[in-house]
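Observations on chain architecture
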Amino acid sequence: MNVLSKVIFTSVLLLNTNVIFASDNNKEDNAKASNVQIDDVKVSVVGTWSMLSQYKQFERPFWSETITENSNGAVIADVKGFNEMGLKGSEVVRLMKSGVIDFGSTVLGYLAADNPKNEAIDLAGLSPNIETAKIVSDAYKNELSELYNKTYDIKLLGLWPYSAQVLFCNVPITGLSDLKGKKIRTSNRTLAEFVGALGGVGVTMSFGEVVQSLQKGVVDCAITGSMSGYSAKWHEVTTHLYTLPLGWANVMHAVSNKAWNKLPKATKNYIEQEINGLESDIWKGAALETEQGIACNTGHGECQSGEPANLILVEYTERESKLLDNILSDHVLPLWAERCGKPCVNKWNETIGKAVGKEIETK
């Protein structure tokens, strides 16, 4: 069994075990909730990219069906992806702050310009597998909750990942050393710093611009989730898929305090309980989608999401995993520490660092 297969098998097995118990608890909670009177309420919800599987399989069904059915019709939501509304990811939190929308999701990386703490749980190379990503997310959740309440006047309800962030290239690639001199699309600063440490050039651009940029040679490679890339048909404009997980593109889901404070306690309890279940389901789904994304893009394994493509599968070695960890320690963490500051770094060490056995030196 190769390195990638071991990672996926372990991730899916552990997450399935954890989510089974979480799902059972949610079912018991739902039974209890059915005996509680929930007032009728209609809410507006902005989800993530509407063309991707996370929105199609989890967010949209949850808000358009599950939360209404489980409340016996009391909670009704109008849900759309932020791209369907012509919004940028960073605008979602600002619209929640102003009370224009009630609930919203966005990728944490889109908020990095507001505060480097938004990068803390998804620094390039920090979580080589999804079980580590979950540990990191849980360790820092309270810190992000305080940040969002103070900065945007919103209440954090959930944190979850996309599938593993991997490299799609339209030039031959055999490993990390081949990134030298290449132009690589990255979605955030920390990935750009990782690419720079290897001698590549990080090019930050939105998800929607990538296909055209790959077609025109603006970039040689691009980083995104394995299943996200398949859903967006990146396999039509690339030739190689390099499977080393570089990150997880974590998503935050929150509610405007203006909207939340108007809801009765029973309704709040019900919605929080249901979103806890959604969070568990998406973590489980991300582990499975990582495997599916690789299978569907390369034809190696069974693709259950459509016709498989035939990208050249480039699997990583243990040596390259260690190189990624070295780049994290020598480049990514120190650069992030410089822009986040000593108090921020101390909090990271106390939470994430303690959870995963890493420490950033403070100056």
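Below is a summary of the structure that appears in this document.

Digging into the pairing of strand E10 (residues 251–256)
For E10, the buried fraction is high: 6 of the 6 residues fall into the buried class. The sheet contact formed by strand E3 (residues 103–107) and E10 spans 5 bridges and is antiparallel. Across the sheet, residue Phe-103 finds its bridge partner in E10, namely Val-255.

Section: the nonpolar core
Core analysis: the largest hydrophobic core is formed by 108 residues, its most contacted members being Trp-63, Phe-103, Tyr-148, Leu-167 and Phe-194. Here this core takes 9 residues from helix H9 (residues 265–298), the largest share from any one element.

Overview of the side chain of Gln-165
You can see Gln-165 is positioned in strand E5 (residues 165–169). A polar contact of 3.1 Å, which involves the side chain of Gln-165, links it to the backbone oxygen of Ser-163. Each residue touching Gln-165, except ones within four places of it in the same chain, is listed here: Ile-223, Thr-224, Gly-225, Leu-244, Pro-245, Leu-246, Gly-247, Trp-248 and Ala-249.

Overview of the sheet that holds E3
If you trace the 5 strands from one edge of the open sheet to the other, you get E2-E1-E3-E10-E4, paired in mixed fashion. Each of the sheet's edge strands pairs with one partner strand only, and the pair in question is strand E2 (75–81) and strand E4 (154–160). In this sheet, neighbouring strand axes are inclined to one another by 20° on average, regardless of whether the strands run parallel or antiparallel. Bridging between E4 and E10 involves 6 bridges; their strand directions are antiparallel. In the sheet register, Trp-160 faces E10, and the bridge partner there is Val-251. Lying on the sheet, helix H2 (residues 53–69) is in contact with strand E1 (41–47), E2, E3, E4 and E10; it crosses E2 at an angle near 160°. Most of the contacts of helix H3 (residues 91–98) go to E3, to which it runs at about 155°, and overall it touches E1, E3, E4 and E10.

How each quantity is defined
Residues numbered from 1 in each chain as written. Predicted model: local features only at pLDDT ≥ 70, side-chain atom pairs only at ≥ 80, totals over all residues. Heavy atoms only, no water. Buried < 20%, exposed > 50% of the residue type's maximum accessible area, 1.4 Å probe, protein only. Helix = DSSP H or I, 4+ residues; strand = E, 2+ residues; numbered from the N terminus. Pairing = 2+ DSSP bridges. Core = buried A, V, L, I, M, F, W, Y, C linked by side-chain atoms within 4.5 Å. Polar contact = N/O pair within 3.5 Å; in protein donor to acceptor, adjacent residues only side chain to side chain. Contact = heavy atoms within 4.5 Å. Axes fitted to C-alpha atoms, helices over the stretch in contact; angles between N-to-C directions.

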